[in-house]
Structure formats: C-alpha cells, structure tokens
Amino acid sequence: MEEDLERLKQRLPLLEYLQQHHWTPCRTGPRQEFVGLCPLHPETRPSFYVNASKNLFYCHGCGQGAT
Ligand SMILES: [Zn+2]
C-alpha cells in the first residue's frame, strides 16, 4: 500500500486520499496536523501523523513516510 500512497498523493491531497480509504484521525493538532492509526501496519496506539498543509505523512511506528 505504501507505493500506492506515494504515487497517489502526487495527484490527490494526502488527507483526501486517506479519507477515501476510511482513515479518520484520532485527534487534530494545530496547523493542519492530524494523528491517527497507521494504515501501513497494525497498531493500537496512534503513531501516524499527517500534515495536510505540507501534504506529508510520517509513521513513528513503522517509519514510513517523510519527516
Ligand atoms: Zn506505521
């Protein structure tokens, strides 16, 4: 899925893509930042961060994404 995510986010805002795949943030931070469960690996505590203004994501659990 990570390759698809990389490819698709070039065409579509990352957050929109994730929401189309039923990802919902557990909490919302300042400046368009969202935190939720990682779609790329199984986890129970949210460690997947999305920055919608920069169109970036990073998972602290599996290390996918850009810092
Ligand atoms: Zn992950």
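Before any of the text, the structure's been laid out above.
Residues numbered from 1 in each chain as written. Predicted model: local features only at pLDDT ≥ 70, side-chain atom pairs only at ≥ 80, totals over all residues. Heavy atoms only, no water.

Moving on, we come to the packing of aromatic side chains. Applying the stated criterion to the full structure yields 2 aromatic pairs. With a centroid separation of 5.6 Å and 70° between ring planes, the pair formed by Trp23 and Phe48 is classed as edge-to-face. In this pair, Trp23 sits in the loop between helix 2 (14-20) and strand 1 (27-28) while Phe48 sits in strand 3 (residues 48-51), placing the two residues 25 residues apart along the sequence. For Phe48, a relative accessible area of 0% corresponds to the buried category. Ring pairing ties together the aromatic residues Trp23, Phe48 and Phe57, which thus form one cluster. (Phe/Tyr/Trp six-rings, centres within 6.5 Å; stacked < 30°, edge-to-face > 60°. Helix = DSSP H or I, 4+ residues; strand = E, 2+ residues; numbered from the N terminus. Buried < 20%, exposed > 50% of the residue type's maximum accessible area, 1.4 Å probe, protein only.)

Applying the stated criterion to the full structure yields 1 salt bridge. With a shortest N-O distance of 3.5 Å, Arg31 and Glu33 are connected by a salt bridge. Since its relative accessible area comes to 25%, Glu33 is described here as partly exposed. (Salt bridge = Lys/Arg side-chain N within 4 Å of Asp/Glu carboxyl O.)

Turning to unusual backbone geometry, a few remarks are in order. Look at His22: it is not a glycine, yet its phi comes out positive at around 65°. Tracing the chain through its elements places His22 in the loop between helix 2 and strand 1. A relative accessible area of 73% means that His22 is categorised as exposed. Its identity is not glycine, yet Asn55 carries a phi of approximately 60°, on the positive side. Locating Asn55 in the fold gives a position in the loop between strand 3 and strand 4 (56-59).

Geometry sets the ideal angles at a metal, namely 109.5 degrees for four tetrahedral donors and 90 or 180 degrees for six octahedral donors. Those donors, Cys38 (SG), His41 (ND1), Cys59 (SG) and Cys62 (SG), are the protein atoms that reach the zinc ion, and they lie 2.0 to 2.3 Å from it. In this structure, the zinc ion is coordinated by 4 donor atoms arranged in tetrahedral fashion, with angles at the metal of 100 to 124°. The sequence pattern formed by the donor residues of the zinc ion is C-x2-H-x17-C-x2-C. With His41 in the loop between strand 2 (33-36) and strand 3 and Cys62 in the segment after strand 4, this residue pair connects regions lying 21 residues apart in the sequence. (Donors = N, O, S within 2.8 Å, 3.2 Å for Na, K, Ca; no water. Tetrahedral: all angles 85-135°; square planar, octahedral: opposite > 155°, others 65-115°.)

These results come straight from atomic positions and should not be treated as a statement about function.
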